[in-house]
Amino acid sequence: MSQDFYQHIFAKQQKLEAVPSNREITAWALKVIHLLYPEQTGQQYASVEELKDEFLRLENELCDIMHATKACSNCDTSKLAKKFFEGLPELFRILNTDIQAIFNGDPAARSEFEVIRTYPGFYAISLYRVAHSLYIDDIPLLPRILTEYAHSKTGIDIHPAAQIDEYFYIDHGTGIVIGESCKIGKHVKLYQGVTLGALSVDKSMANTKRHPTVQDNVVIYSGATILGGETIIGHNSVVGGNVWLTKSLPPNSRVYHTPNHRVLKRLSIKLFGHKK
């Protein structure tokens with residue numbers, strides 16, 4: 001490699017913005033979630049005062065993370081960290097509705113403990129809800145780091161700006177994509193491989209609503225693709241597997257993909273003792 005190449009990489013390193021590592025940022029968020037849900041770690045505290053001290057420590061840690069991030073240089077980090085932790089009771093309430101939706105909706109779920117400890121859907125939703133809380137306070141960079149970490153762990157890609165109401169249920173989850181300007185109502189259930197995306201990815205549309213709205217009590221089955229900012233899935237609707245939608249559905253709709261399969265030839269196979 002040439003000296004110019006080395007010089008270019010060195011110069012790039014000198015210009016690097018001071019941002020804590022993704023590991024440090026996600027570790028902070030996971031510690032917050034583990035405090036809310038000790039089922040994930042089994043950690044216990046000796047007193048309420050000790051627990052309060054841990055919440056305060058994590059508040060200060062968030063403050064330090066934001067302070068160390070140049071993108072937050074104009075932020076009132078103390079005020080923003082305090083606001084996030086003051087909002088934790090409501091975040092906890094909403095996460096509990098998500099747990100209830102998953103437990104009530106999945107016959108395979110044996111307990112809420114199992115949902116909290118093992119379900120990738122809850123893992124992705126919990127990190128999304130922390131990230132969204134940071135996002136709505138205009139905290140830069142950190143929300144996207146958190147949701148992309150959840151994406152890397154679960155295959156569930158939720159943009160932190162998406163607006164998702166309570167009782168949200170992700171079943172299996174791998175391959176789900178929920179775009180930046182999505183709006184999702186209460187009691188919505190998504191199966192694996194669902195895409196709530198944009199019709200166009202043109203950069204000029206960055207500040208427009210590009211992703212669908214899904215109203216209350218909607219079920220969207222695996223592999224369905226729903227695109228466009230003007231596309232609205234009306235309440236109490238069911239979207240079947242592998243459906244492709246770019247237009248709105250009225251409330252109480254049922255839409256299914258009908259494959260055109262034909263059996264061309266019937267074969268009789270004898271596994272043992274086959275004779276010509």
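Residues numbered from 1 in each chain as written. Predicted model: local features only at pLDDT ≥ 70, side-chain atom pairs only at ≥ 80, totals over all residues. Heavy atoms only, no water.

### So, the packing of helix α2 (residues 22–36) against helix α3 (residues 48–67)
Pairs of packed helices are described in terms of their axes, by the angle between the two and the distance that separates them. Relative to each other, α2 and α3 sit at 155°, their axes nearing to 11 Å. Relative to α3, α2 is oriented roughly antiparallel. Here α2 and α3 pass one another in a crossing that is left-handed. Touching E24, I25, W28, K31, V32, L35 and L36 of α2 are L51, E54, F55, R57, L58, E61, L62 and I65, all from α3. (Axes fitted to C-alpha atoms, helices over the stretch in contact; angles between N-to-C directions. Helix = DSSP H or I, 4+ residues; strand = E, 2+ residues; numbered from the N terminus. Parallel < 35°, antiparallel > 145°, perpendicular 65-115°, else oblique. Left-handed = near helix turned anticlockwise from the far one by under 90°. Contact = heavy atoms within 4.5 Å.)

### Notes on the sheet that holds strand β10 (residues 225–227)
In spatial order, the strands read β1-β4-β7-β10-β13; together these five strands make up an open sheet with parallel pairing. Two strands in the sheet have a free side with no partner beyond their single neighbour: β1 (157–158) and β13 (244–245). One ladder, built from two bridges, connects β1 with strand β4 (residues 177–178); its direction is parallel. Note that in β4 the partner of D157 across the bridge is V177. (Pairing = 2+ DSSP bridges.)

### A look at the side chain of D171
Inspection of the secondary structure assignment puts D171 in the loop between β3 (169–170) and β4. Despite its burial, D171 pairs with no opposite charge; the closest candidate is K189, at 4.5 Å N-O. A distance of 3.1 Å separates a polar atom in the side chain of D171 from a polar atom in the side chain of Y169. (Buried < 20%, exposed > 50% of the residue type's maximum accessible area, 1.4 Å probe, protein only. Lys, Arg positive; Asp, Glu negative; His and termini not counted. Salt bridge = Lys/Arg side-chain N within 4 Å of Asp/Glu carboxyl O. Polar contact = N/O pair within 3.5 Å; in protein donor to acceptor, adjacent residues only side chain to side chain.)

### Let's talk about unusual backbone geometry
Even without a glycine there, the phi angle at Y167 is positive, about 55°. Of note in the backbone geometry, N236 takes a positive phi value of approximately 60° without being a glycine. Its location among the elements puts N236 in the loop between β11 (232–233) and β12 (238–239). According to the relative accessible area criterion, N236 is partly exposed, its value standing at 30%.

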